[in-house]
Amino acid sequence: MASEHQILHGIGVCAGTASGPVAFVTEAPGIDENEPKCTDVEADTARLEAARDKVVAQLKARAEKATDEKSRGVLNATSQMAGDKGLFKSIVKHLKAGEGMTHAVSAAGDEYAAKLSKLGGYFAERVTDINDVRNRLVAELRGLPAPGVPDITEPVIIVARDLAPAETATLHPDTVLGIVTQEGGPTSHTAILAAQLGIPCSVKTKGALDAINSGDTVAIDGGVGEVIVSPTSDEVSQLKDRAERRARALAGSSGEGATRDGHKVALLANIGTVDDALNAAKFDLEGSGLFRSEFLFLGRDEAPSLEEQTETYSKVLRAFGDRHVVVRTLDAGADKPLKFANQEHEENPALGVRGLRLGMRRVDLLDTQLQALANAYKETGGDLWVMAPMVSTVDEAEWFAGKARSYGLPKVGVMVEVPAAAIRSAQILSVVDFCSIGTNDLSQYTMAADRLNGELANLLTPWQPAVLHMIKAACDGGAATGKHVGVCGEAGGDPLMALVLTGLGVQSLSMAPTKVNAVRAALRMHDFGTCQQMAAYALDARTAEDARKAVIALADPMLLDLL
Ligand code: PEP
Ligand code: MG
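Residues numbered from 1 in each chain as written. Chains lettered and ligands numbered in written order. Predicted model: local features only at pLDDT ≥ 70, side-chain atom pairs only at ≥ 80, totals over all residues. Heavy atoms only, no water.

(A) Structural detail: empty space enclosed by the protein. In the structure shown here, the tally under the stated rule is three cavities of 30 Å³ or more. Here the largest cavity defines a volume of roughly 80 Å³. Taken together, 14 residues make up the lining of the largest cavity; nearest its centre are Gly289, Val326, Ser436, Gly486 and Ser508. Within the residue set of the lining of the largest cavity, elements represented by two or more residues are strand E11 (324–328), strand E12 (383–388), strand E14 (434–437), strand E15 (484–487) and strand E16 (508–511). For the lining of the largest cavity, the class distribution of residues is seven nonpolar, seven polar and no charged. Approximately 50 Å³ is the volume found for the second largest cavity. Taken together, Leu330, Gly355, Leu358, Gly359, Arg362, Leu365, Leu366 and Gln369 make up the lining of the second largest cavity. For the lining of the second largest cavity, the elements supplying multiple residues, two or more each, are helix H13 (356–361) and helix H14 (363–380). With three residues, H14 is the single largest residue contributor to the lining of the second largest cavity. Looking at the lining of the second largest cavity, its residues break down into four nonpolar, three polar and one charged. (1 Å grid on protein atoms, 1.4 Å probe; cavity = no way out; pocket = protein on both sides within 12 Å on 5 of 7 lines; lining within 4 Å. Points joined across faces, edges and corners; volume = space filled by probe spheres on them. Helix = DSSP H or I, 4+ residues; strand = E, 2+ residues; numbered from the N terminus. Nonpolar A, V, L, I, M, F, W, Y, C, P; charged D, E, K, R; others polar.)

Shown next, in the form of structure tokens:
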């Protein structure tokens with residue numbers, strides 16, 4: 001019997017509407033509380049070996065079936081982790097201590113996860129992968145179905161407590177109409193990957209697992225984070241209407257970004273890999289406003305060579321032809337630590353040696369990168385802009401600009417991610433060619449709220465008037481010096497916020513490529529004067545919520561269909 005009609009609320013992280021049957025992600029089975037203790041280590045080791053081989057084979061098979069390189073990469077990485085010798089040895093150690101099979105797997109998995117967690121940042125994010133491996137092994141040993149996404153034969157809406165990156169990476173927009181998770185947050189893997197795939201998605205959807213049962217139909221609005229369990233036919237047709245209105249609002253969204261009266265705002269893509277560049281370049285957009293070059297360095301024992309870096313940057317530049325590409329130099333540290341560069345332990349890594357602070361201490365790394373960028377620039381003749389992350393002072397900006405220019409790089413800038421840089425942007429811009437506001441970190445540092453902590457989502461929003469004042473300060477510096485000010489944080493991809501940023505004086509917005517159409521359509525609906533008025537109202541608002549409401553009140557009603 002279908003579940004009771006109910007409307008659930010979550011955080012919408014990828015706009016779009018859908019309705020359809022649900023498919024549950026099988027939950028991890030947990031350890032077998034009644035299992036016997038280990039009395040025959042050899043026999044249990046053989047059973048463990050067989051289970052491990054099966055799990056590795058399952059993951060490899062899924063990797064082979066994956067349709068894109070990113071999913072394949074994630075699944076292969078998880079299968080490697082499943083075959084990790086260290087993990088196997090540690091399980092055997094627990095068996096030797098007399099623990100039952102699933103207890104041993106679980107304890108060894110937890111130890112491994114704790115080690116990764118302690119390393120922090122990128123490594124801590126791999127904890128989800130190790131948990132996935134542990135759960136698969138336990139399920140295999142218990143003879144239960146593998147946890148995770150079931151085989152999908154018809155278009156469905158996926159419902160899960162949360163999704164491991166390996167699971168999300170295998171989803172395909174042709175068969176997955178929507179995603180509803182009970183946990184996770186707007187910066188979780190689920191959210192980022194869903195946005196990249198363009199699948200409507202609601203995360204942190206309260207009560208989803210209690211309210212939805214197998215056999216149910218649900219409808220989702222991934223823009224506002226609304227999930228309707230057993231929707232009425234009226235509701236489904238309202239959502240369909242909304243989807244049609246959204247399609248109409250998006251129709252004809254093409255060409256340069258500009259307001260209705262022709263005030264230009266360049267629309268750009270955020271990318272992290274060569275694949276991202278090739279994919280983004282297919283979209284109707286004006287270039288890339290942020291290439292997160294650190295993705296080339298993460299998870300390695302040593303830095304990529306000059307040759308490898310030159311090749312990567314050349315490929316990225318070639319992908320965009322004569323469109324411009326902003327490459328950010330290595331932003332390691334805090335949530336993205338590098339084994340070979342960052343200090344092993346910092347009390348407060350987000351306030352520690354990260355971004356350019358690391359570049360100034362490991363000049364060898366920065367020199368190689370700048371040389372590789374200069375080589376790629378010469379080889380391709382592309383429109384290359386280069387910027388440094390996490391700059392706090394004029395001295396740092398000047399040091400970086402001097403260094404980058406000494407390699408013959410034509411356009412040098414810095415990111416504004418720290419309040420100190422926002423407040424002093426005129427002075428900073430006087431020594432560089434442009435700046436790009438990283439609203440993710442600028443929100444984190446303005447509000448003193450860890451960007452990875454889903455609990456603090458209400459403080460982390462760029463709608464916080466204090467954050468908007470920081471952005472305004474950065475734009476005022478741009479106006480005073482006549483230099484370019486862009487935005488490359490997530491805020492740029494929100495059609496409503498894009499209007500406010502434009503009104504504040506931002507000249508380019510960089511975002512997930514799937515978000516460009518909606519932002520372009522939003523700009524086309526409004527005059528620059530209205531954007532300025534929206535910015536003024538948002539700056540004056542008492543709270544983040546009031547700021548958003550005030551801007552909605554000034555917006556063209558059709559804009560609501562884009563959110
Ligand atoms: C930002 O901080 O807004 C930004 C774009 O950089 P990252 O998200 O990579 O820290
Ligand atoms: Mg940042």
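This is not the end of the story, as more comes after the structure.
(B) Representation of the domain arrangement of the protein within the structure. What the domain assignment lists for the protein is domain 1 (6–25 + 148–247), domain 2 (41–142) and domain 3 (252–562). Between domain 1 and domain 3, the C-alpha centre-to-centre distance is 29 Å. On the side of domain 3, eight residues touch domain 1, which itself brings 10 residues to the contact. In total, about 880 Å² of surface goes out of reach between domain 1 and domain 3, with carbon and sulfur atoms giving 47% of it. One can count two salt bridges joining domain 1 with domain 3. The partner of arginine 242 in a salt bridge is aspartate 561, with the nearest N and O atoms 4.0 Å apart. Summed over the shared surface of domain 1 and domain 3, the result is three residue pairs in polar contact (both at pLDDT 80 or more). Secondary-structure elements contributing two or more residues to the side of domain 1 that touches domain 3 are helix H8 (189–197) and helix H10 (233–250). The element contributing the most residues to the side of domain 1 that touches domain 3 is H10, with three residues. When the residues that make up the side of domain 1 that touches domain 3 are grouped by side-chain class, the tally is three nonpolar, three polar and four charged. (Domains from an automatic or database assignment. Contact = heavy atoms within 4.5 Å. Buried area = accessible area lost by both parts, 1.4 Å probe. Salt bridge = Lys/Arg side-chain N within 4 Å of Asp/Glu carboxyl O. Polar contact = N/O pair within 3.5 Å; in protein donor to acceptor, adjacent residues only side chain to side chain.)

(C) Representation of the site of ligand 1 within the structure. For ligand 1, the set of nearby residues contains 13 residues, the closest of which are Arg292, Arg328, Gly438, Asn440 and Arg451. In the model, an oxygen atom of ligand 1 is placed 3.0 Å from a nitrogen or oxygen of the glutamate 417 side chain. For ligand 1, an oxygen atom lies 3.4 Å from a polar atom in the backbone of glycine 438. Protein coverage of the free-state accessible area of ligand 1, which is 290 Å², stands at 99%. If you list the elements that add at least two residues to the shell around ligand 1, you get strand E10 (287–292) and helix H18 (439–447). Considered class by class, the residues forming the shell around ligand 1 number three nonpolar, four polar and six charged. (Near = heavy atom within 4 Å. Areas by Shrake-Rupley, 256 points an atom, 1.4 Å probe, with all protein chains shown as cover.)

(D) How the structure looks around the coordination of the magnesium ion (ligand 2). Around the magnesium ion (ligand 2), the donor atoms from the protein are Glu417 (OE) and Asp441 (OD), and they sit 2.0 to 2.1 Å away. Pair noted here: glutamate 417 is in the loop between strand E13 (412–416) and helix H16 (419–423) and aspartate 441 is in helix H18, with a separation of 24 residues, a long-range link. (Donors = N, O, S within 2.8 Å, 3.2 Å for Na, K, Ca; no water.)

(E) Region of interest: helix H24 (residues 544–554). Among the residues making up H24, those that are buried are Ala544, Ala547, Ala550 and Val551. The arc enclosing the buried residues of H24, seen along the axis, measures out at 130°, which places them on a common side. Exposed residues lying more than 90 degrees from the buried face of H24 are Glu545, Lys549 and Ala553. On the buried face of H24, the contacting elements are helix H20 (465–481), helix H21 (495–504) and helix H23 (528–540). (Buried < 20%, exposed > 50% of the residue type's maximum accessible area, 1.4 Å probe, protein only. Arc of directions from axis to C-beta.)

(F) Spatial organisation of the environment of aspartate 40. Mapped onto the fold, aspartate 40 is located in the loop between strand E3 (17–24) and helix H1 (41–65). Sequence separation between aspartate 40 and serine 425 is 385 residues, and the spatial gap between their C-alpha atoms is 68 Å. A polar contact is formed between the side chain of aspartate 40 and the backbone nitrogen of alanine 43, at a distance of 3.1 Å.

(G) Looking closely at the packing of aromatic side chains. Scanning all chains against the criterion turns up two aromatic pairs. Here phenylalanine 291 and tyrosine 313 contribute two aromatic rings whose centre-to-centre distance is 6.2 Å and whose plane-to-plane angle is 75°, an arrangement assigned as edge-to-face. Separated by 22 residues along the polypeptide, phenylalanine 291 in strand E10 and tyrosine 313 in helix H12 (residues 306–320) bring together distant segments of the chain. For phenylalanine 291, a relative accessible area of 1% gives the class buried. For tyrosine 313, a relative accessible area of 1% translates into the label buried. (Phe/Tyr/Trp six-rings, centres within 6.5 Å; stacked < 30°, edge-to-face > 60°.)

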